[in-house]
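Descriptive structure summary
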Amino acid sequence: MKKIGVIVPCYNEEESLPYFYKEMQKVMEQMDVEFELLFVNDGSKDKTLDILKDFAKKDERVRFLSFSRNFGKEAAIYAGLQHVNGDYVTLMDADLQDPPEKLILMYQVLIKENLDIVGLKTNNHKNYGFVRKFFTACYYKILGTFTTVPMAPNERDYRLMTRQVVDAILSLEEYNRYSKGLFNFVGFDTKWLTYDAPERVAGKTKWSFWKLFTYGIDGIVGFSTKPLVLSAMIGILFCFIAFLMIFVIILKTLIWGDPVGGWPSLACIIIFCSGVQLFFLGIIGEYLSKVYLETKKRPVYIIKETEKDMKKKR
Ligand code: UDP
Ligand code: MG
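Overview of the structure. (Residues numbered from 1 in each chain as written. Chains lettered and ligands numbered in written order. Predicted model: local features only at pLDDT ≥ 70, side-chain atom pairs only at ≥ 80, totals over all residues. Heavy atoms only, no water.)

Those protein atoms acting as donors to the magnesium ion (ligand 2) are D95 (OD) and Q97 (OE1), and they sit at 1.9 to 2.0 Å. For D95, a relative accessible area of 3% puts it in the buried group. (Donors = N, O, S within 2.8 Å, 3.2 Å for Na, K, Ca; no water. Buried < 20%, exposed > 50% of the residue type's maximum accessible area, 1.4 Å probe, protein only.)

Laid out in structure tokens, this is it:
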């Protein structure tokens, strides 16, 4: 019998986990495959780990990895992909915004159409406010123009993949992981199903505006070097404008003499140009910092305990 490995990153999900597990049990009963539920406790400060231990005690299909601190969802996904077993692997949020029952259809489509990946796209973002929707739309426009890897705003991380795809993703060993990009980078035959994303079942979102903003920058820097080209081009444009202005000033001085004046405009030009310079230095800095982190070769996550430790203690 085929086996599906389900990876669930959890950060302070004590409220959602019981609902999630219940839903997942229903799905597992309906499907004619074996299951492995691999929960990744991303340094939760609430009772998440206790709940996971409880699941693991009662249910042999449940496994967990518990991090030594919060390493972020990306790290949790990576750890999950590295440790999960199964011929097929899927990723789900613990808050039921990735409804487990969709897995039934996803699996059917994957098998029937002989695909490598079946993912979910949302029709709606009704659970997000206007500001978040607006910035998300702008961000993906920018991302789209900068990167060659296709990424859409409504693509969830929820997708069912074959073992081959998982191995391909794991072969990308970078430290700065931006899963959305990595998933699409590897390619393979993909089909997107659409659905209405429900509200979070319980608890609060773990993503602040700032966290999303820096994550967004990671996406651009991780999948495009075009911002560097852009800064070089704007630099050239500015040089060209400067030459033009020098020419105009020389001409003006020759015709009308040299009356002292124009310092406010000069001040503005200086401030503007130094602003542009600092901005582009910042862009270069972003890339440099990624190189710096990449060369350190620090682990993406550190595991403190797993379900195997639990068995040893008994
Ligand atoms: N998550 C995580 N580590 C983090 C933040 C989030 O493992 O540092 C998990 C979280 O427990 C959930 C999933 O990632 O299962 C998605 O998070 P959330 O629902 O807060 O994001 P949203 O749906 O609001 O984008
Ligand atoms: Mg969510």
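Right, picking up where we left off after that structure.
Looking now at the packing of helix 9 (residues 226–256) against helix 10 (residues 263–296). The interhelical angle for the contact between helix 9 and helix 10, taken along N-to-C directions, is 160 degrees, at an axis separation of 10 Å. Judged on the interaxial angle alone, helix 10 and helix 9 are roughly antiparallel. The way helix 9 lies across helix 10 gives a crossing that is left-handed. Residues P227, L228, S231, I234, F238 and M245 of helix 9 touch helix 10, and the partners they reach there are I269, F272, C273, V276, F280, I283, I284 and Y287. Of the residues assigned to the contact of helix 9 with helix 10, the class counts are 13 nonpolar, one polar and no charged. (Axes fitted to C-alpha atoms, helices over the stretch in contact; angles between N-to-C directions. Helix = DSSP H or I, 4+ residues; strand = E, 2+ residues; numbered from the N terminus. Parallel < 35°, antiparallel > 145°, perpendicular 65-115°, else oblique. Left-handed = near helix turned anticlockwise from the far one by under 90°. Contact = heavy atoms within 4.5 Å. Nonpolar A, V, L, I, M, F, W, Y, C, P; charged D, E, K, R; others polar.)

Structurally, V221 is set in helix 8 (residues 209–223). Accessibility expressed as a relative area gives 11% for V221, which makes it buried. Sequence spacing of V221 and N176 is 45 residues, and the spatial spacing of their C-alpha atoms is 9.7 Å. With residues near it in sequence (within four places) discarded, V221 still touches E286, Y287 and K290.

Taken together, 19 residues lie near ligand 1, and E13, D42, D95, T205 and K206 sit nearest. One nitrogen or oxygen atom from the side chain of D95 is found 2.6 Å from an oxygen atom belonging to ligand 1. In isolation ligand 1 has 530 Å² of accessible area, and contact with the protein removes 96% of it. (Near = heavy atom within 4 Å. Polar contact = N/O pair within 3.5 Å; in protein donor to acceptor, adjacent residues only side chain to side chain. Areas by Shrake-Rupley, 256 points an atom, 1.4 Å probe, with all protein chains shown as cover.)

A few words now on the sheet that holds strand 4 (residues 88–91). Read across the open sheet, the eight strands follow the order 7-5-6-4-1-2-3-8; overall the sheet is mixed. The open sheet is flanked by strand 7 (190–195) and strand 8 (303–306), the only strands paired with a single partner. Here the strands of the sheet are splayed against their neighbours by 20 degrees on average, with no regard to which way each runs. Two strands pair when backbone bridges link them, and strand 4 and strand 6 (residues 155–162) are joined in this way by three bridges, in the antiparallel orientation. In the sheet register, V89 faces strand 6, and the bridge partner there is M161. Each of strand 1 (3–10), strand 2 (34–41) and strand 3 (62–67) touches helix 1 (residues 17–30); the most contacted strand, strand 2, lies at about 165 degrees to it. Contacts between helix 6 (residues 163–170) and the sheet are confined to strand 4, strand 5 (117–122) and strand 6, with strand 6 contributing the most and set at about 115 degrees to the helix. (Pairing = 2+ DSSP bridges.)

So, about the packing of helix 3 (residues 73–83) against helix 6. One can describe the packing of helix 3 onto helix 6 by two numbers: an axis separation of 10 Å at closest approach and a directional angle of 125 degrees. Considering their axes alone, helix 3 and helix 6 lie oblique with respect to each other. Between helix 3 and helix 6 the crossing geometry is left-handed. For the pair helix 3 and helix 6, the contacting residues are Y78, L81 and Q82 in the first and V166, I169 and L170 in the second.

Turning to the pattern of salt bridges, a few remarks are in order. Within this structure, the stated rule accounts for 14 salt bridges. With its nearest N and O atoms 2.8 Å apart, the salt bridge here joins E36 to R63. Taken together, the residues span a long stretch of sequence, with E36 in strand 2 and R63 in strand 3 at a distance of 27 residues. In this structure, E36 and R63 share a single accessibility class: buried. Through salt bridges with shared partners, a single network forms among K73, D93, D98, R156 and D157. (Salt bridge = Lys/Arg side-chain N within 4 Å of Asp/Glu carboxyl O.)

This next bit is on the packing of aromatic side chains. Applying the stated criterion across every chain yields a total of 16 aromatic pairs. An angle of 80 degrees between the planes, with centres 5.6 Å apart, marks the rings of F134 and F135 as edge-to-face. Pairing Y178 with Y215 gives two aromatic rings, centres 4.9 Å apart and planes at 45 degrees, and the pair type is tilted. A residue pair is termed long-range when its members are at least 10 positions apart, and Y178 in the loop between helix 6 and helix 7 (179–185) and Y215 in helix 8 qualify at 37 residues. As far as the burial class goes, Y178 and Y215 line up, both buried. Here a set of aromatic residues connected by ring pairs shows up, and it is made of F20, Y21, F39 and F55. Above the plane of the ring of F71 lies R69, whose end atom (NZ or CZ) is 3.8 Å from the centre. Against the face of Y78 rests R177, its NZ or CZ located 3.8 Å from the ring centre. (Phe/Tyr/Trp six-rings, centres within 6.5 Å; stacked < 30°, edge-to-face > 60°. Lys NZ or Arg CZ within 6 Å of the ring centre and 35° of its normal.)

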